[in-house]
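Read off the chains here:
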Amino acid sequence: QVLLVETGGGLVQPGGSLRLSCVTYGTDIRIFHMAWYRQPPGKQRELVATVAIGGGTNYAESVKGRFTGSRDNAKNTIYLQMTNLKPEDTARYYCKLNRALGDYWGQGTQVTVSS
C-alpha cells in the first residue's frame, strides 16, 4: 500500500516562510514524477509545482520566485520551500505521486497566512 504524508503546515504571518515535506511509504519515488497542489478555501485544487524524476521543477505563475520544490530520493521525500508568503497562499497543500495506472495523493497539510 502506498501512502503519502505531508507535514510542515501551520499559521504564518505575511512575508514569512514555511517548508512542507511529503514522505512516501510503500514505493520508491525515484521512478516517479511528483507534484505539489493546493486547494484554497472554497476553490478548486490547483497545481503549485512539479518535481520531476531528475529533480527539474516547474511552478505556477503565482508562486514563481517564492516557492522552491525539491526531492531527496534517499529519504523518499519531496519538499516545498515557501518564502514571502501572502494571504492568498492560504490553502490546504497536497503532494501527488504521478503514476500511469493512477495517482496517489496525500491527505494534505493546512497553510494559513494571516497577521
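A few points on the structure. (Residues numbered from 1 in each chain as written. Predicted model: local features only at pLDDT ≥ 70, side-chain atom pairs only at ≥ 80, totals over all residues. Heavy atoms only, no water.)

Some thoughts on the overall build of the chain
Alright, step 1. Looking only at helices and strands, the chain has 0 helices and 11 strands in total.
Alright, step 2. Relative to a compact globule of 115 residues, whose C-alpha radius of gyration would be 13 Å, the chain shows 13 Å and is just as compact.
Alright, step 3. Seen along its three principal axes, the alpha-carbon backbone of the chain occupies a region of about 40 × 25 × 20 Å.
Alright, step 4. Put simply, of all contacts in the chain between residues at least 6 apart along the chain, 53% involve residues at least 24 apart.
Alright, step 5. Accessible surface for the chain amounts to roughly 6,100 Å². Of this, 49% is attributable to carbon and sulfur atoms.
Alright, step 6. With 13 positive and 8 negative side-chain charges, the chain shows a spacing of 1 Å between the two charge centroids. (Helix = DSSP H or I, 4+ residues; strand = E, 2+ residues; numbered from the N terminus. Rg over C-alpha atoms; globule rule 2.2 N^0.38 Å. Contact = heavy atoms within 4.5 Å. Areas by Shrake-Rupley, 256 points an atom, 1.4 Å probe, with all protein chains shown as cover. Lys, Arg positive; Asp, Glu negative; His and termini not counted. Charge placed at Lys NZ, Arg CZ, Asp CG, Glu CD.)

Some points on the pairing of strand 7 (residues 67-72)
Remark: a regular strand shows side chains that alternate across the two faces of the sheet.
Alright, step 1. Alternating positions in strand 7 separate cleanly, Phe67, Gly69 and Arg71 being buried on one face and Thr68, Ser70 and Asp72 remaining unburied on the opposite face.
Alright, step 2. As judged from the 6 bridges shared by strand 7 and strand 8 (residues 77-82), these two strands associate in the antiparallel manner. Looking across to strand 8, one finds that Ser70 is bridged to Tyr79.
Alright, step 3. Linkage of strand 7 to strand 8, two consecutive antiparallel strands, is achieved through a turn of 4 residues, within which Asn76 is found at a positive phi near 55°. (Buried < 20%, exposed > 50% of the residue type's maximum accessible area, 1.4 Å probe, protein only. Pairing = 2+ DSSP bridges.)

A closer look at a nonpolar patch on the surface
Alright, step 1. On the surface, a cluster of nonpolar side chains totalling about 270 Å² of accessible area is made up of Leu3, Val5 and Tyr25.
Alright, step 2. Structurally, Leu3 can be placed in strand 1 (residues 3-7). (Patch = residues over 30% accessible without salt bridge, like charges linked within 9 Å, V, L, I, M, F, W, Y side chains within 5 Å. Salt bridge = Lys/Arg side-chain N within 4 Å of Asp/Glu carboxyl O.)

Concerning the state of the cysteines
Alright, step 1. Evaluation of the coordinates by the stated rule reveals 1 disulfide.
Alright, step 2. Disulfide partner of Cys22: Cys95, at an S-S distance of 1.9 Å. On the sign convention where negative is left-handed, the bridge of Cys22 and Cys95, at about 55° about the S-S bond, is right-handed. Residue Cys22 is found in strand 3 (residues 18-25), and its partner Cys95 is found in strand 9 (residues 91-97); the two are separated by 73 residues along the sequence. The exposure classification of Cys22 matches that of Cys95, with both residues buried. (Disulfide = S-S within 2.5 Å.)

So, the pattern of salt bridges
Alright, step 1. Overall, the coordinates contain 6 salt bridges when judged by the stated rule.
Alright, step 2. Asp89 is paired through a salt bridge with Arg66; the nearest N and O atoms lie 2.7 Å apart. Of the two residues, Asp89 sits in the loop between strand 8 and strand 9 while Arg66 sits in the loop between strand 6 (57-59) and strand 7, which places them 23 residues apart along the sequence.
Alright, step 3. What makes Arg66 buried here is its relative accessible area of 9%.
Alright, step 4. Members of the salt-bridge network, linked through shared partners, are Arg38, Glu46, Arg66 and Asp89.

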